[in-house]
Amino acid sequence: MASRIDRSLVADTALRLLNDVGLEGLTLRRIAQELDCRAPALYWHFKNKQELLDEMATVIFRRMADDLSALDPGDWRTFLADCARVQRRTLLEYRDGAKVFGGTRFTDDSYAGPLEGAMRVLVAAGFTPRAAARAWFTVNTYTMGHVMEEQSVYPVPGGERDPVYDLTERARRIEGHPLATEAGWEVFGDLEAGFETGLRAVVAGIEATLLPAQ
């Protein structure tokens, strides 16, 4: 099989393995075992794990690009929120998806089309190009941060809540701190509702601080 191995196959295999082994357990050696080859064969394509993560993030973005391009651009607020929902949904498909995606560098220019489309929607709504870029980046980083926290609570897609996040046990441990207890129910309770609440706050903040007065 080694003669047929390429960057795409390695990245696809790595993403498939993520749900089984997580980011910490994902090594070039483990991927080589899955591909029935020796680890040195993979170094022809990736010098280190970071280069592999960059390629994996690029593949993840390509997989969400069609959904991003299909969003209704009618109202910029709804459009921007829907971009975040697409990103969240896609990252949640992969164990440690937010950690893989965040802080990486895309390995090709496939991001340019969806980004250009999003920028056009925001600029048409009255944002300056720089303000539009900041709006996009702000929503993007909010989403990655939220998903990272979600994936701490539910490490495996579709799996069980990590017992560390048992909120009743947490409340027992910090009895006497009622506000901190309530914060836990809000932050780690209904994660989807929490994401939507935070997203509304982010979009409202973008409108208040980045959109020039009409």
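The chain carries the name TetR/AcrR family transcriptional regulator in an unreviewed UniProt entry, which gives Streptomyces luteosporeus as its organism.

Asker: Which residues make up the UniProt feature "DNA-binding region" (unreviewed entry) in the chain, and what values do they have?
Answerer: When the UniProt feature table is mapped to this numbering, "DNA-binding region" (unreviewed entry) covers residues 27–46. Measuring from the first to the last C-alpha atom of residues 27–46 gives 12 Å, for a span that is 35% helix and 0% strand.

Asker: An account of a negative patch on the surface is needed here, citing residue identities and associated values.
Answerer: A contiguous patch of negative charge, built from Glu182, Glu186, Asp190 and Glu192, is present on the exposed surface. Turning to its location among the elements, glutamate 186 is positioned in helix 9 (residues 178–188). Its relative accessible area of 49% is what places glutamate 186 among the partly exposed residues.

Asker: I'd like a description of the packing of aromatic side chains, backed by residues and values.
Answerer: Evaluation of the coordinates by the stated rule reveals 6 aromatic pairs. Taking 5.2 Å as the distance between ring centres and 45° as the angle between the ring planes, the aromatic pair formed by phenylalanine 61 and phenylalanine 106 counts as tilted. Placement of the pair is phenylalanine 61 in helix 3 (residues 49–69) and phenylalanine 106 in the loop between helix 5 (97–101) and helix 6 (112–124), with a sequence separation of 45 residues. Phenylalanine 61 sits in the buried class, given a relative accessible area of 7%. Judged by centre distance (4.9 Å) and plane angle (80°), the rings of tryptophan 76 and phenylalanine 127 are edge-to-face. With a gap of 51 residues between them, tryptophan 76 in helix 4 (residues 76–91) and phenylalanine 127 in the loop between helix 6 and helix 7 (129–153) connect regions that are remote in the sequence. Here tryptophan 76 and phenylalanine 127 have matching classes, each one buried. Through a chain of ring-to-ring contacts, three or more aromatic side chains come together here, namely Phe61, Phe101, Phe106 and Tyr111. Taking the ring centre of phenylalanine 195 as reference, the NZ or CZ of arginine 88 above it sits at 5.1 Å.

About the cut-offs
Residues numbered from 1 in each chain as written. Predicted model: local features only at pLDDT ≥ 70, side-chain atom pairs only at ≥ 80, totals over all residues. Heavy atoms only, no water. UniProt positions renumbered as here; feature names shortened; annotations may be inferred. Helix = DSSP H or I, 4+ residues; strand = E, 2+ residues; numbered from the N terminus. Patch = residues over 30% accessible without salt bridge, like charges linked within 9 Å, V, L, I, M, F, W, Y side chains within 5 Å. Areas by Shrake-Rupley, 256 points an atom, 1.4 Å probe, with all protein chains shown as cover. Salt bridge = Lys/Arg side-chain N within 4 Å of Asp/Glu carboxyl O. Lys, Arg positive; Asp, Glu negative; His and termini not counted. Charge placed at Lys NZ, Arg CZ, Asp CG, Glu CD. Buried < 20%, exposed > 50% of the residue type's maximum accessible area, 1.4 Å probe, protein only. Phe/Tyr/Trp six-rings, centres within 6.5 Å; stacked < 30°, edge-to-face > 60°. Lys NZ or Arg CZ within 6 Å of the ring centre and 35° of its normal.

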